[in-house]
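Descriptive analysis of the structure
Residue strings, one per chain:
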Amino acid sequence: VSTQSTGNNNNNFFFLIKIKNYPAIKKKKITKITKMADVNFESEKLFEKLKNAEPFFLLAGPCVVESREHALFMSQELKKICERQGIPLVYKSSFDKANRTSGASFRGPGLEEGLRILKEVKETTGLPIITDIHETHQAAQVAEVVDILQIPAFLCRQTDLVEAAAKTGKILNIKKGQFASANVMVKAAEKARASGNPRVLLCERGSMFGYEDLIVDPRNLVRMRKGGWTVVQDVTHSVQQPGSNVTSSGGLREFVPTIARMAAAVGVDGFFFEVHNNPDQALSDGPNNWPLDEFEALLIELKAICAASKGYQKQFRSDSNLY
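Our subject in this report is the structure included herewith. From a predicted model like this one, the values you see are computed outputs, not experimental measurements. (Residues numbered from 1 in each chain as written. Predicted model: local features only at pLDDT ≥ 70, side-chain atom pairs only at ≥ 80, totals over all residues. Heavy atoms only, no water.)

Structural notes on the packing of aromatic side chains
The condition that has to hold: Stacked, edge-to-face and tilted are the three classes for Phe, Tyr and Trp ring pairs, Trp counted by its six-membered ring, which pair at centre distances within 6.5 Å; planes under 30 degrees apart are stacked, over 60 edge-to-face, the rest tilted. The numbering of helices and of strands both runs from the N terminus, where a helix is a DSSP run of H or I of at least 4 residues and a strand a run of E of at least 2. Accessibility here uses a 1.4 Å probe with only protein chains present; expressed as a share of the type maximum, an area under 20% marks a residue as buried, one over 50% as exposed, and anything in between as partly exposed. Whether a charge sits over a ring depends on NZ of Lys or CZ of Arg being within 6 Å of the ring centre and within 35 degrees of the ring normal.
If you walk through the whole model with that rule in mind, you get 3 aromatic pairs. Pairing Phe273 with Phe295 gives two aromatic rings, centres 5.2 Å apart and planes at 70 degrees, and the pair type is edge-to-face. Placement of Phe273 in strand S14 (residues 270–276) and of Phe295 in helix H9 (residues 295–308) is noted, with a sequence separation of 22 residues between them. Residue class for Phe295 comes out buried when judged on its relative accessible area of 0%. Through a chain of ring-to-ring contacts, three or more aromatic side chains come together here, namely Phe56, Phe271, Phe273 and Phe295. Cation over ring: Lys175 sits above Phe272, and NZ or CZ is 4.3 Å from the ring centre.

Things to note about unusual backbone geometry
In this chain, Glu54 is followed by Pro55 through a cis amide linkage whose omega measures 0 degrees. The topology assignment puts Pro55 in the loop between helix H1 (27–51) and strand S3 (57–61). Phi angles above zero are rare outside glycine, and Asp285 is one such case at about 60 degrees. By the secondary structure assignment, Asp285 is in the loop between S14 and strand S15 (290–291).

Comments concerning the packing of helix H2 (residues 68–85) against H9
Each pair of packed helices can be described by the angle between their axes along with the distance between the axes. We apply this condition: Axis geometry follows a simple rule: fit a line to the C-alpha atoms, using only the stretch in contact for helices, then measure angles between N-to-C directions, giving values from 0 to 180 degrees. Each angle gets one of four labels, with under 35 degrees taken as roughly parallel, over 145 as roughly antiparallel, 65 to 115 as roughly perpendicular, and the rest as oblique. Each crossing is labelled by how the near helix is turned from the far one, with a counterclockwise turn of less than a right angle marking it left-handed and a clockwise turn marking it right-handed. Residue contacts are defined here by distance: any two heavy atoms, one from each residue, within 4.5 Å place the two residues in contact. Each residue gets one label: Ala, Val, Leu, Ile, Met, Phe, Trp, Tyr, Cys and Pro are nonpolar, Asp, Glu, Lys and Arg are charged, and the others, such as Gly, are polar.
The contact between H2 and H9 brings their axes to 10 Å, and the two run at 30 degrees. When the interaxial angle is binned, H2 and H9 end up roughly parallel. In this structure, H2 crosses over H9, and the sense of that crossing is right-handed. For the pair H2 and H9, the contacting residues are Leu78, Ile81, Arg84 and Gln85 in the first and Phe295, Glu296, Leu299, Ile300 and Lys303 in the second. Grouping the constituent residues of the contact of H2 with H9 by class yields 5 nonpolar, 1 polar and 3 charged.

Description of the pattern of salt bridges
Put simply, the rule is: When a carboxyl oxygen of Asp or Glu is within 4 Å of a side-chain nitrogen of Lys or Arg, the pair counts as a salt bridge.
Tallied over the full model, the rule gives 18 salt bridges. Here Glu204 ties to Lys176 by a salt bridge, and the two come within 3.9 Å at their closest N and O atoms. Note that Glu204 is positioned in strand S8 (residues 200–204) and Lys176 in the loop between strand S7 (171–175) and helix H6 (182–194), a separation of 28 residues in sequence. The closest approach of N and O atoms between Glu190 and Lys187, which form a salt bridge, is 3.8 Å. A residue pair is termed a helical-turn pair when its members lie 3 or 4 positions apart in one helix, as Glu190 and Lys187 do in helix H6 at 3 residues. Taken together, the shared-partner salt bridges in this structure form one network comprising Arg68, Glu69, Glu113, Arg116 and Glu120.

Side note on the environment of Lys119
Locating Lys119 in the fold gives a position in helix H3 (residues 111–125). According to the relative accessible area criterion, Lys119 is partly exposed, its value standing at 44%. Each C-alpha atom, one on Lys119 and one on Val145, is 5.9 Å from the other, the two residues being 26 residues apart in sequence.

Looking at H2
What counts here: Helices are assigned an expected span. That span is 1.5 Å times one less than the residue count.
With 18 residues, H2 extends 26 Å between its outermost C-alpha atoms, agreeing within 8% with the 26 Å of an ideal straight helix rising 1.5 Å per residue. Of all the residues in H2, the buried ones are His70, Ala71, Leu72, Met74, Ser75, Leu78, Ile81, Cys82 and Gln85. Residues of H2 that are buried make contact with S3, strand S4 (89–92), H3, S14 and H9. One or two steps after H2, the chain reaches Gly86, where phi turns positive at roughly 65 degrees.

Some details on the side chain of Asn220
As for its position among the elements, Asn220 is in helix H7 (residues 219–223). The exposure class of Asn220 is buried, given its relative accessible area of 7%. Dropping the residues within four chain positions of it, Asn220 is found in contact with Lys176, Ala182, Glu204 and Ser207.

Some points on the pairing of S14
Formally: In this analysis, strands are considered paired if DSSP registers two or more bridges between them.
In terms of burial, S14 is a largely internal element, 7 of the 7 residues being buried. Of the two faces of S14, the one carrying Gly270, Phe272, Glu274 and His276 and the one carrying Phe271, Phe273 and Val275 are both buried. With 5 bridges joining them, S3 and S14 adopt parallel strand pairing. Looking at the pairing, Ala60 lines up with Phe273 of S14. Pairing of strand S11 (residues 230–234) with S14 involves 3 bridges; the strand directions are parallel. Residue pairing across strands places Val232 opposite Gly270, the latter belonging to S14. When S14 meets S15, the two strands line up parallel, connected through 2 bridges.

Don't take any of this as a statement about function, it's just geometry.
Right, here's the structure in full:
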């Protein structure tokens, strides 16, 4: 078997395989090579679509998979909204919330059932899917279903986890730890690139301000662009108040538009929203979930801000110091 790779600087590889009379070579090895080439091709295609989205793309959905019926309902409703607004959507939901404040809190349906539901959402709606992983052994199995693997904020510095996710060939969304600087996030992205996968989203989600509050430093959005990284603003987690409800995290939902407007003005490639049709009854992160019936109106406003702002352009001489 001989392999030949062609591609561009984005590591978009295509493999040309010639099979000769080598009986010792097993067919499954060839299949593995061609399958990885297919993953790289499809991931690169989605990544380019997201990077080039105008004015932005969305990662949106409920915090956690609550049920099959709820996941199908939310994905279909969000798809309708985004189609009307012309915004590329990746459906987001977690199969397991492994970092809940209390062990008594709802974590989700678990790996097997959660992936089954997310696969059905993908097949029913045609939407790409993003979900988070917490352990290295989950990466390959989850990558069989989803299009983007998310590294949780608390785990953004875990080298083994980032490398395992990167080696699947899928896009990574690395959440910025509440304790991490923009430079730490650039280093996390470089770990993925060194593992052969440069398809990385860097996601701002606030920094700790005392014990039970977060603030968002808009300078991080600019600093994470260094090296040409694709930047996302997680709006809803940025208004979280970690652990403030004793057994769960609280949140200041009323400030979701404030954070979103700021990011639209500064300039980002994408937005992350946790959206729910009844946030006060959500099984996870309800206080900072944005209501489904108010989501489209907020998106319309954000599109207008993006159109008016020059935040993502090098407009002034001093801007050159930022890139």
